[in-house]
Amino acid sequence: MYLDSLSYVIDKAKGIDTECFLISNRRILTRFANSYIHQNVSVDDMELSIRVVLNGKNGKISVNQLSKDTLDSALERAIEIAKITPPDPDYPGLPTPAAVNIERQDYQIRDIKPEVLAQKVKEFIDATSNLNASGALEISDTTIAIANSNGIALEDRLFTVSLEAVVQDGDSSGYVYSMEKNLEDIDFISLAKVASDKARMGRNPVELSPGYYTVVLEPQAVGTLVSFLGLMGFGAKQFAEGRSFLVGKIGEKITSEMISIWDYPSHTRAIGFLFDFEGLPRRDVVLIDKGVAKNLVYDFKYAKKMGKESTGNGLPQPNTDGPIPFNLTLLPGESSLEEMIASTKRGILVTRFHYTNIVDPIKTVITGMTRDGTFLIEDGEITTPVKNMRFTQSILEALSSTELIGKELFRSGEHFIYPTLVPALKVNNFQFTGVTR
Amino acid sequence: MRDIAYMALNTALEYGATFCEVRVIKSRRQGITVKNELVEELIDRVEEGIGIRVIANGSWGFAGTSFLDKSNIIETAQKAVKIALASSLTKKRNVELSTAKKIIATWRNPVKINPFEVPLDKKVSILIEATRIMTRVKDVKIAEGSMDFWETEKLFVNSEGTEIFQHIIESGGGISAYGIREGDVQRRSYPNSFGGQYETRGYELIEEIKLLDNAQRIAEEASALLDAPECPSTITTLILDGSQVALQVHESIGHPIELDRILGMEASYAGTSFISINDKGRLKYGSKIMNITADATLPGGLGSFGFDDEGIPAQRVDIVRDGILVGFLTNRETSYILGETSNGTCRADGWRNIPIIRMTNINLEPGTGTLEDLIKDTDEGIFMSTNKSWSIDDRRLNFQFGLEIAWEIKNGKLTRILKNPNYTGITPEFWGSLDAVCGSSEWKIWGVPNCGKGQPGQLAHVGHGTSPARFRNVRVGVR
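Parameters at a glance
Residues numbered from 1 in each chain as written. Chains lettered and ligands numbered in written order. Predicted model: local features only at pLDDT ≥ 70, side-chain atom pairs only at ≥ 80, totals over all residues. Domains from an automatic or database assignment. Contact = placed C-beta atoms within 7 Å. Helix = DSSP H or I, 4+ residues; strand = E, 2+ residues; numbered from the N terminus. Nonpolar A, V, L, I, M, F, W, Y, C, P; charged D, E, K, R; others polar. Pairing = 2+ DSSP bridges. Axes fitted to C-alpha atoms, helices over the stretch in contact; angles between N-to-C directions. pLDDT = per-residue confidence, 0-100. Expected span 1.5 Å × (residues − 1). Parallel < 35°, antiparallel > 145°, perpendicular 65-115°, else oblique. Left-handed = near helix turned anticlockwise from the far one by under 90°.

Trainee: What am I meant to see in the domain arrangement of chain B here?
Mentor: Many structure descriptions define interface size as the accessible area lost when the parts assemble. Residues and elements named next belong to chain B. According to the domain assignment, chain B consists of domain 1 (2–227) and domain 2 (234–476). Taken together, the contact pairs 44 residues of domain 1 with 37 residues of domain 2. With five residues, strand β6 (residues 163–181) is the largest single contributor of residues to the side of domain 1 that touches domain 2. Its residues placed into classes, the side of domain 1 that touches domain 2 shows 16 nonpolar, 18 polar and ten charged.

Right, dumping it as structure tokens:
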């Protein structure tokens, strides 16, 4: 439905390299705290970017109205800007159409009424049995359209439902996250029970000394590690600039051979658009195969610059970040969470991490806190809730010290483009550097 | 703008809202990023939209749209009411707002040079030249420079008769040099990291910060860091530069004093606060020389404005006095719970978001003396400058910050450079160890343009007036 507006601009700019990118979103978010809905919003939004390139010189304007007057003046302004910016000597031209091979995903796009969402939230709150429930239930219905003067003209739509919730019981809390393609796929009552049980288990936590521990990381905690790893080095631009942990490491063993990480848009549980933000098809890329660093991800510019094909990882051009993985997936193993706990003599169970940040991107060191359920494991059993702890840890070292990998994949709440798919992990020698009060 | 605003307001009231506020916003943003003499990103975004917040049946609802024809405005206003009615399915009590004066006003921040009237090629050429200077220095492989400008026209009306128009221009800019050698990457930035310095001012800010005059120095520091030893792991006296004190204030004071967070309204996202509502007047936040204010009236501060997004005038309030917590950041809903009126800190990220409690300019009030005096007065310790990373727990107690550069202090003098400095602590203990704050000559309002909060995520522009400060017995060099 939006391609007409994009074609209008492309036709109007005939003879000039022109690219139009449109994103339109309806977002409904019902937020609750202290077991009632305290914020409840619905927003219809749209943005169209017009990019022209004159002899390698970029001009770009974004607007959120689609009248012909707005489009005409935006195009004129983009051309004016292009005339006065210096040329990019590495300008690769605009991409040409390429076949999209991934099958369309099974979204059921619907106009869900606010009272339906409120009822679902009520179900969740009621199922927490008088504990303190907070969270957000979100419907996101997003369309992107991209067209360029080389003939790319694509439109795709993504519909997701997500629930993120924290249930508190005095000094403890539990957490759940679920993102699905349909509202009916979220089991609100079961999720409420998971978060409530964990909150009850966590009461009266004790302080544990910092140090090196064996950890059993639930999928949400693993999601943080994998998502941050994705930011620190798989992109071709970071690699070319010498800022990637993979510089000099391609072909080398960088983690345990149990670890394989893909950018995996064709995975049956992957969520995302079928093409990237340049209009090129998303492709599966093996990033780490059985512990060995294999490949980078590329956008059109860096593919051309480095003699490769685009992997469909382009962000809207031009940008400072370069290509990054969109659908990070840590391939599953064979263990259950219960087996990981049962095999642990002394260790810590981590539900998830909080407020993580990069300390050293080359050594892949990050720091953050545990949150919403941290427990001591002794002789194969969860024995004692512990106060939240600060970790300062190299991700690659953690993935080198991995002993067991979970057999089931979960979508992680911590992600940067599309949800990361991760299993639970059992990791030895994980470093905690502090404890909170 | 007025026609649209009142159409939405009247529709919502006719449809059953008992309270309604509307913001119609037109905004423009220009962002320029240059890397190694090439324009790497150029953002020029113009947008408009409307946000309608209502109370119906005692609960909140909000709807916004960028589609501004009459039928969409009416539909969106009605939707806001429907959403409020849906919210009331779980309500425990009716939302009540503290009283607010009816205001008819216009406010504009003072601007000497409108940044949107400065030719783009002039801005680009400064950044190109700055990156050229930096990349000439040994081992500096990446040099970046950026400028950002925002212009916002905002009309606020509510069902209590308030009508406020504000026109705000903000500017920011900075440069960074990356020394890269054999698997080591070291960054130095000026005047601050993550984009530089930001203020509610015009292009005069860019002229004052003199990016070209500082490019050589920071590039040489980035290069020197590659040969520097690691910051030792120890417990020592720590002096922080003003920009890092600003971030320390932001994370360990600014967020914990937000009353919505204290009341659990942010629990599912960034968490709660170690402060309870009963701590006002009692909690020892830090040492006796610690005085914190929230001041939205400071000229040029990135957290300055005329009125917040509930129509409450900008204010200066005490938060910590002589080390004791004496105030919170409040809005109309939370101040009602305290039996007070709002202190005007409720702001929304554009038209598409609801207003929530946000920092204004949260300041560590100045002490005495200069940074030079403070270093002279320190026998042994470490001076750290310019933030590189930050992390704090979900109650805002345990924090860890990484910085770009540090210098060892020996016998009152800065000696060798140290790389990868960081420090960690627990909020009240850390502020309890504060024993010196530099004076007004070192005091500056640092702008933070990317303060994240809320679901859907909102970014706020906030400020922190700070000067360098000294803390005793701090754990540094966490590895």
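Trainee: Could you clarify how one ought to interpret the interface of chain A and chain B in this entry?
Mentor: Contacts between the two partners involve 71 residues from chain A and, on the opposite side, 65 residues from chain B. Looking at the side of chain A that touches chain B, its residues break down into 29 nonpolar, 27 polar and 15 charged. Sheet analysis places strand β3 (residues 57–63) of chain A next to strand β2 (residues 38–56) of chain B, joined by two bridges and oriented parallel. Residue pairing across strands places S62 of chain A opposite R45 of chain B, the latter belonging to β2 of chain B.

Trainee: I would appreciate a short explanation of the domain arrangement of chain A in the present structure.
Mentor: All names here are of chain A. The domains assigned to chain A are domain 1 (3–190) and domain 2 (205–437). Tallying the contact residues gives 30 residues for domain 1 and 29 residues for domain 2. Elements that contribute at least two residues to the side of domain 1 that touches domain 2 include exactly β2 (36–54), β4 (132–148), β5 (153–169) and β6 (172–180).

Trainee: Please explain the sheet that holds strand β12 (residues 324–325) of chain B as it appears in this structure.
Mentor: Where strands meet in a sheet, backbone hydrogen bonds hold them as pairs that are either parallel or antiparallel. Residues and elements named next belong to chain B. Reading across the sheet, the four strands line up as β12-β11-β10-β15 and stay open at both edges, with antiparallel pairing between neighbours. A strand with exactly one partner marks an edge of an open sheet, and here the two such strands are β12 and β15 (362–364). The pairing of strand β10 (residues 292–295) with β15 spans three bridges and is antiparallel. Within β15, the position partnered with I292 by the bridge is L364. Those strands touched by helix α6 (residues 242–254) are β10 and β15, and its axis lies near 120° from that of β15.

Trainee: Just to check I follow, could you spell out unusual backbone geometry for this structure?
Mentor: What you tend to see is this: most non-glycine residues have negative phi, and most peptide bonds are trans. Omega for the bond connecting Y190 of chain B with P191 of chain B falls within 30 degrees of zero, at -10°, which places this linkage in the cis form. Cis geometry is found at the peptide bond from Q455 of chain B to P456 of chain B, where omega equals -5°. In this structure, P456 of chain B sits in the loop between β21 (444–453) and β22 (458–466). Even without a glycine there, the phi angle at S35 of chain A is positive, about 65°. Along the polypeptide, S35 of chain A turns up in the loop between β1 (17–33) and β2. Of note in this structure, N130 of chain A is not a glycine but carries a positive phi near 70°.

Trainee: Whenever I open this one, the confidence of the model for chain B confuses me. Can you help?
Mentor: Do not read the fine detail of predicted coordinates wherever pLDDT is low. Chain-level pLDDT for chain B is 97 on average; 100% of the residues reach the 70-or-more range. Interface confidence for the predicted complex, expressed as ipTM, amounts to 0.95; the pTM equals 0.96.

Trainee: I tried to follow helix α3 (residues 114–127) of chain A on my own but got confused; where do I start?
Mentor: Along an α-helix, a turn takes 3.6 residues, which lines up residues three or four apart on a common side. Taking 1.5 Å per residue as the helical rise, α3 of chain A with its 14 residues ought to reach 20 Å, and the 20 Å between its terminal C-alpha atoms agrees with that figure. Summarising the contacts, the buried residues of α3 of chain A are in contact with β1, β2, β4, β5 and α4 (188–201) of chain A together with α2 (70–87) of chain B. Two residues or fewer past α3 of chain A, S129 of chain A is found with a positive phi of approximately 50°.

Trainee: Would you explain the packing of α3 of chain A against α2 of chain B in this entry?
Mentor: For any two helices packed against each other, one specifies the inter-axial angle together with the distance between the axes. Contact geometry of α3 of chain A with α2 of chain B gives a least axis separation of 8 Å together with a crossing angle of 20°. By the criterion of interaxial angle, the relationship of α3 of chain A to α2 of chain B is roughly parallel. α2 of chain B is crossed by α3 of chain A, and the crossing has right-handed handedness. Every residue of α2 of chain B that contacts α3 of chain A at P114, E115, L117 and A118 of chain A is listed here: K82, I83, A86 and S87 of chain B. Tallied by class, the residues present in the contact of α3 of chain A with α2 of chain B amount to five nonpolar, one polar and two charged.

Trainee: For this particular structure, what's the right way to read the pairing of strand β18 (residues 413–418) of chain B?
Mentor: Residues and elements named next belong to chain B. With four bridges joining them, strand β17 (residues 398–410) and β18 adopt antiparallel strand pairing. Each bridged residue has a counterpart across the sheet, and for K410 the counterpart in β18 is K413. Counting the residues in the hairpin turn of β17 and β18 gives two residues, including N411, whose phi is positive at 50°.

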